[in-house]
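Examining the three-dimensional arrangement
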Amino acid sequence: MDAGGQIFSVDPLERQAARGHGVVTSMAAGSDVIVLGTSRGWLVRHDYAFEDAHDLDLGSGRSGDHSVHRVFLDPGGKHCVATVVHPGGAETYYHHARWPRPKPLPRLRGLLVNAVAWNRQSITEASTKEVILGTESGQIFEMAVDEADKREKYVKPLFELTEQREGIKALQMETAVVGNSTRYYVMAVTPTRLYSFTGIGSLETVFASYSDRAIHFMELPGEIPNSELHFFIKQRRAKHFGWLSGSGIYHGELNFGAQHSSTSGDENFVENKGFFDYSKLGDSGNKPRSFALSEFHFLLLIGDKIKVVNRISQQMVEELVVDNTPETSRGIIGLCSDPSTGLFYAYDESSIFQVSTSDEGRDMWQVYLDMNHYAAALSHCRNPFQRDQVYLVQADAAFAAKEYYIAASFYAKMNYVLSFEEISLKFISIGEQDALRTFLLRRLDNLTKDDKMQITMISTWATELYLDKINRLLLEDSTGSTTNSVAEPNSSEYCSIVNEFRAFLSDSKDVLDEATTMKLLESYGRVDELVYFAGLKEQYEIVVHHYIQQGEARKALEVLQRCNVPVDLVYKFAPDLIMLDAYETVESWMMARNKLNPGKLIPAMMRYVSEPHAKNETHEVIKYLEFCVKDLENEDPGVHNLLLSLYAKKEDESQLLQFLDTKFGKGQTSGPEFFYDPKYALRLCLQEKRMRACVRIYSMMSMHEEAVALALKVDVELAKAEADKVEDDEELRKKLWLKVAKHVIEQEKGVKRENIKKAIEFLSETNNLLKIEDILPFFPDFVLIDDFKEEICKSLKDYNSQIEQLKQEMDDATRGADNIRSDIGALAQRYTVIDREQDCGVCRRKILTVGGLHQVGRSYTSAGHMAPFYVFPCGHAFHANCLIGHVTRCSSQEQAERILDLQKRLSLMDRKAAKDNGAGANGESIMSTTPVDKLRSQLDDAVASECPFCGDLMIKEISQPFILPGEADEKASWEIKPQPATQKILPMTMSI
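What you are looking at is a predicted structure, and each value in this text was computed from that prediction instead of being measured.

Comments concerning the nonpolar core
Formed by 109 residues in total, the largest nonpolar core has its most connected members in Tyr411, Phe427, Phe439, Trp589, Met605 and Tyr624. Examining the composition of this core, we find that 9 residues originate from one element, helix H8 (residues 452-475), more than from any other. Residue contacts for Tyr624: discarding those within four places in its chain leaves Val586, Trp589, Met590, Pro598, Leu601 and Met605. Residues Leu883, Val887, Met909 and Val932 belong to the second largest nonpolar core, which totals 23 residues.

A closer look at the environment of Asp445
Relative to the elements of secondary structure, Asp445 occurs in helix H7 (residues 433-446). C-alpha separation for the pair Asp445 and Ile455, spaced 10 residues apart in sequence, amounts to 9.5 Å.

Overview of the sheet that holds strand E18 (residues 228-234)
Overall, antiparallel pairing links the 4 strands, which are arranged E18-E19-E20-E23 in an open sheet. Each edge of the sheet is formed by a strand with only one pairing partner; in this case those strands are E18 and strand E23 (270-277). Here the strands of the sheet are splayed against their neighbours by 20° on average, with no regard to which way each runs. Both strand E20 (residues 248-254) and E23 contribute to a ladder of 6 bridges, which runs antiparallel. The partner of Gly248 across the bridge, within E23, is Asp277.

Digging into the layout of surface pockets
Estimated volume of the largest pocket: approximately 1200 Å³. Lining the largest pocket are 50 residues, and of these Met27, Arg70, His230, Leu335 and Cys336 sit closest to its centre. Of all the secondary structure elements, the ones that give two or more residues to the lining of the largest pocket are strand E2 (24-30), strand E6 (67-73), strand E10 (113-117), strand E14 (170-178), E18, strand E24 (290-293), strand E28 (334-338) and strand E29 (343-347). A class-by-class count of the residues in the lining of the largest pocket yields 26 nonpolar, 14 polar and 10 charged.

Some details on the packing of aromatic side chains
Within the structure shown, the criterion is met by 24 aromatic pairs. Pairwise contacts between aromatic rings join Phe399, Tyr404, Tyr411, Phe420, Phe427, Phe439 and Trp461 into one cluster. The aromatic ring of Tyr154 is capped on one face by Lys156, whose charged end is 4.7 Å from the ring centroid. One Lys or Arg, Arg502, reaches over the ring of Tyr532 and ends 5.1 Å from the middle of that ring.

Comments concerning the pattern of salt bridges
According to the stated counting rule, one finds 34 salt bridges in the structure shown. Across the pair Glu174 and Arg237 runs a salt bridge, and its minimum N-O distance is 2.9 Å. Here Glu174, found in strand E14, pairs with Arg237, found in strand E19 (residues 237-244); they are 63 residues apart in sequence, far enough to count as distant. With relative accessibility at 0%, the residue Glu174 sits in the buried group. Looking at Arg237, the relative accessible area reads 30%, which means it is partly exposed. What emerges from the salt-bridge pattern is a single network uniting Asp434, Arg437, Asp468, Lys469, Arg472 and Glu493.

As for the sheet that holds strand E7 (residues 79-86)
Strand order in the open sheet formed by 4 strands is E6-E7-E8-E9, and the pairing between neighbours is antiparallel. Unpaired on one side and paired on the other, E6 and strand E9 (103-104) mark the two borders of the sheet. Here 8 bridges tie E7 to strand E8 (residues 89-96), and the two strands are oriented antiparallel to one another. Pairing of His79 across the sheet is with His96, part of E8.

Remarks on the side chain of Thr438
Its location among the elements puts Thr438 in helix H7. For Thr438, a relative accessible area of 11% gives the class buried. If we skip the residues at most four places from it in the chain, Thr438 touches Tyr405, Ala408 and Ser409.

Considering the packing of helix H9 (residues 492-508) against helix H11 (residues 527-536)
Viewed as axis vectors pointing N to C, H9 and H11 meet at an angle of 25°, and their least axial separation amounts to 10 Å. In this view, H9 runs roughly parallel relative to H11, as classed from their interaxial angle. The hand of the H9/H11 crossing is right-handed. Between H9, through Val498, Phe501, Arg502, Leu505 and Ser506, and H11, the contact on the second element is made entirely by Asp528, Glu529, Tyr532, Phe533 and Leu536.

Let's talk about the state of the cysteines
Counted according to the given criterion, the structure contains 0 disulfides. The cysteine Cys694 is free of any disulfide, with Cys685 supplying the nearest cysteine sulfur at 4.9 Å. Left unpaired, Cys843 is separated from the closest cysteine sulfur, that of Cys840, by 3.6 Å. According to the relative accessible area criterion, Cys843 is partly exposed, its value standing at 28%.

What to know about helix H12 (residues 540-549)
Of all the positions in H12, only Tyr540, Val543, Val544, His546, Tyr547 and Ile548 are classed as buried. Of the surrounding elements, those touching the buried residues of H12 are H11, helix H13 (553-560) and helix H14 (567-580). In the segment just after H12, Gly551 is the residue with positive phi, at about 75°.

Some words on the packing of H13 against H14
Close contact between H13 and H14 brings their axes to 11 Å; oriented N to C, the two are set at 160°. Overall, the two elements H13 and H14 adopt an arrangement that is roughly antiparallel. Note on packing geometry: the crossing formed by H13 with H14 is left-handed. Contacts between H13 and H14 involve Ala553, Ala556, Leu557 and Leu560 from the former and Leu569, Val570, Leu577 and Leu580 from the latter.

Notes on the pairing of strand E30 (residues 352-357)
As paired elements, strand E1 (residues 8-14) and E30 share 6 bridges and run antiparallel to each other. Bridge assignment links Asp11 to a residue of E30, and that residue is Gln354. With 4 bridges connecting them, E29 and E30 associate as antiparallel partners. Counted as the bridge partner of Ala346 is Phe353 from E30. Where E29 hands over to E30, the hairpin turn is made up of 4 residues, counted between the paired strands.

Parameters at a glance
- Residue positions are given per chain, counted from 1 along the sequence in the order it is written.
- In view of the model being predicted, local features appear only for residues whose pLDDT reaches at least 70, and side-chain atom pairs are presented and counted only at 80 or more, with totals across whole chains, interfaces and linings using the full set of residues.
- Water and hydrogen atoms play no part in the side-chain values, which are based on all heavy atoms of the structure.
- Among buried residues, the Ala, Val, Leu, Ile, Met, Phe, Trp, Tyr and Cys ones that are joined through side-chain atoms within 4.5 Å form a nonpolar core.
- Throughout, exposure labels follow a simple rule: accessible area from a 1.4 Å probe, protein chains only, divided by the maximum for the residue type, with under 20% read as buried, over 50% as exposed, and the rest as partly exposed.
- For helices the rule is a DSSP run of H or I covering at least 4 residues; for strands it is a run of E covering at least 2, with both sets numbered from the N terminus onward.
- What makes two residues a contact is simply this: any of their non-hydrogen atoms within 4.5 Å.
- Two strands make a pair as long as DSSP finds a minimum of two bridges between them.
- Angles run from 0 to 180 degrees between N-to-C directions of axes, and those axes are lines fitted to C-alpha atoms, restricted for helices to the stretch in contact.
- Computed over the protein atoms alone on a 1 Å grid, cavities are sets of points where a 1.4 Å probe fits but cannot get out and pockets are open sets with protein on both sides within 12 Å along at least five of seven lines; a residue lines them when it has an atom within 4 Å of a point.
- Grid points are joined across faces, edges and corners, and a volume is the space filled by probe spheres set on the points.
- Ten residues, namely Ala, Val, Leu, Ile, Met, Phe, Trp, Tyr, Cys and Pro, are considered nonpolar, four, namely Asp, Glu, Lys and Arg, are considered charged, and the remaining ones, Gly among them, are considered polar.
- Pairing of aromatic rings covers Phe, Tyr and the six-membered ring of Trp, with a centre-to-centre limit of 6.5 Å; geometry is then stacked below 30 degrees between planes, edge-to-face above 60, and tilted otherwise.
- As a reminder, the over-ring test applies to NZ of lysine and CZ of arginine, requiring each to be within 6 Å of the ring centre and within 35 degrees of the ring normal.
- Throughout this description, the term salt bridge denotes a Lys or Arg side-chain nitrogen within 4 Å of a carboxyl oxygen of Asp or Glu.
- In this scheme, roughly parallel covers angles under 35 degrees and roughly antiparallel covers those over 145, while 65 to 115 is roughly perpendicular and the rest are oblique.
- Each crossing is labelled by how the near helix is turned from the far one, with a counterclockwise turn of less than a right angle marking it left-handed and a clockwise turn marking it right-handed.
- What counts as a disulfide here is a pair of cysteine sulfur atoms lying within 2.5 Å.

Written out as structure tokens, the structure reads:
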């Protein structure tokens, strides 16, 4: 018996299973339903799901002996086929679980059906779909029954055994979908043979194809009471089969997706075939009367005992004894299984016994392990301890066979059986450093992220083993003559281990201690790997420093160009790199574009500049600075100053002058036109004797006198151009041209008349800015006036023309003044006619209303007792008070306050005048009218500068709201309020 305890157990289920209808002759089960056939022609259906039982009579009142030969039940427990044997022959019945009684199948009358195969993939509760039947005469039929039709739809003959006529004892069928078609797999057994049929299409097509091709069969001669064929079903699919034959049990796994060609040319779907010999049971020639097939075991019925044999190891593991069998019984008749529930049943003439399983696969890992089937053993392990046992056996076997690398891989997978130290010592004791390294690496693969300390320690140990291996390869005697000869570093093994080590460093960079690992690499002299690891740990300073020492500027620059490298390292190593390879360094800087601050690279560039260079050599610093200034639009004064200084040191002054003429800041609204320091530039250019550049700088600094003075020392034309640049200061411009003229006259040493001629030509270049009298002082006193006769006459004519023009302008001004005086006189006599019915534009009262209106001030001119008013050229007229009020309301707060202030001051002056003069003045003011007129004029300008209805004031009123904030009460008074709820509406009648 297996070490884990009993797997199978037998318990009585029914004692009077036949329910008084004779003895049990046959049995079938499916989905917790058991159907028994009795010796009196009855079917007893036990439905354990509903705890119900039904008795079904197959005799139909027929007299005489009639016994149920075989009963067949589909896996769902709905469809049942039974064959009854009676003196007149055999009769086959079909019964559905919903029917009260079975129906005979007339087309099968006279045929003794021994086997039925159901199509598990297609069968439904309402229809059997295609069903295969096997008869005692060796015939195979196809049948289908629909529950609604109450009879068979069809019965077709499919095949008949003609070569060796034997009865079909069992049938099994499986289907698989292939594209849009169905492939059928059928197995049939006779007492001595197992036939297999397969094909695509319908069953009729499949069996018809064997009329012209050989039938695939397995023959096992021998006698047995009953030949049986069973499929083990899991998830509605057959996984393996077993055939109970006279010689033993032929079994194998079923792979319906495989297409293996057999020796007979047929397609075989059986794999891993096996055969169990009955001699292993130990019984003296007793053969099983029946058997059942579980996932891992055979259940063999021998006598009243059920012997359980492990299908894989072919060892008997249990022996079950069926107890409490009545003395009148002839013993256990057979076994059957329920593929839906996984239960097994044994039955005798009156009772049913249930054979249950309890985790039959729990010890299969050990079975496979004993057979050295390690992969299968691992797949059946239930816990880590069991897996460790499998790995231990594999590792020990490989270790004993001196396959140390394989052993290391298996040892690394163990966690409980052997400790890490024990395994390590096994390899150390035999000096297998490489296998130990393999073990450590595989152990790292199996550790979890939580084992941080163990991962770090093992990784460090593996690092040292790698370094030791590399050194051993270097010190190996490659020629065999000496012991200290160094091996070629380019050998395949050496390169392979170095690459493997680097890959390990890359994978383990996050778990290795940085300081410890670098110390190890340094102690073993592995500089390249040290640099590689430093790069992995982002210690780029070490990497770059190493490449610079090796003179590999390009590799150093490649490191510095990585995204995660701090930019400070670029500045730190810039001096060394530009001296090592200026071209590559500058190209790298230019590729970085705005990521670098050119100002921080100035020290490196200054170092490069301080070194001598060939005349035809491209100046890399100038190239980079031009890139910064032109492409990157850099505004750093230091960068511009450095570029200017480099231009100043070049013999060709053209680039310097072009740089000075370029306005780098012209795109900015309020920025400078240039970013360099002009004072520094001037001092530098003077030092380098770049005079033309100095003239440009003086000019940009608006030091035009200095620019012209210096230009006269270089080129007169340059001085003229500088003098002509002054446009907004005519006096300064004339002064500069005089300075140029003086220089020109003093420099001429030829004949006097030639000097005078050149001086006169110079005057024409000034665009009439200078006259002959301006340059006469520059000539010697003894020069004859005849030499300047023409120019003097021309100058006098010009002055005469100017005097005439001024005289004409004075006459025009005099006439304009006379016209103005005439207009002023005419204005004093201006008047307008007002209709007596004309209304005020504001109050709508008559303009000529007598009395009743408040006066603004006594200073207003009034006609009799009429209120003061304003009349505009457009025809609108307003009372003075009305106009002031209207304008005040529509103006801004500041303007309104000014108008009210003027009105108040005017009123105060009126009252003061009235008080000083008394009532005897007859309403006329004797006060000086000058202050009053001034105030009145200001008030008139404020309120009557334009008509309020025709001017800007009316236009501004468009933006004001229709209802002003102060008119809220007026607005509320217009609201329509609902009627009170208590108000009653009186009915009104109208009589006609």
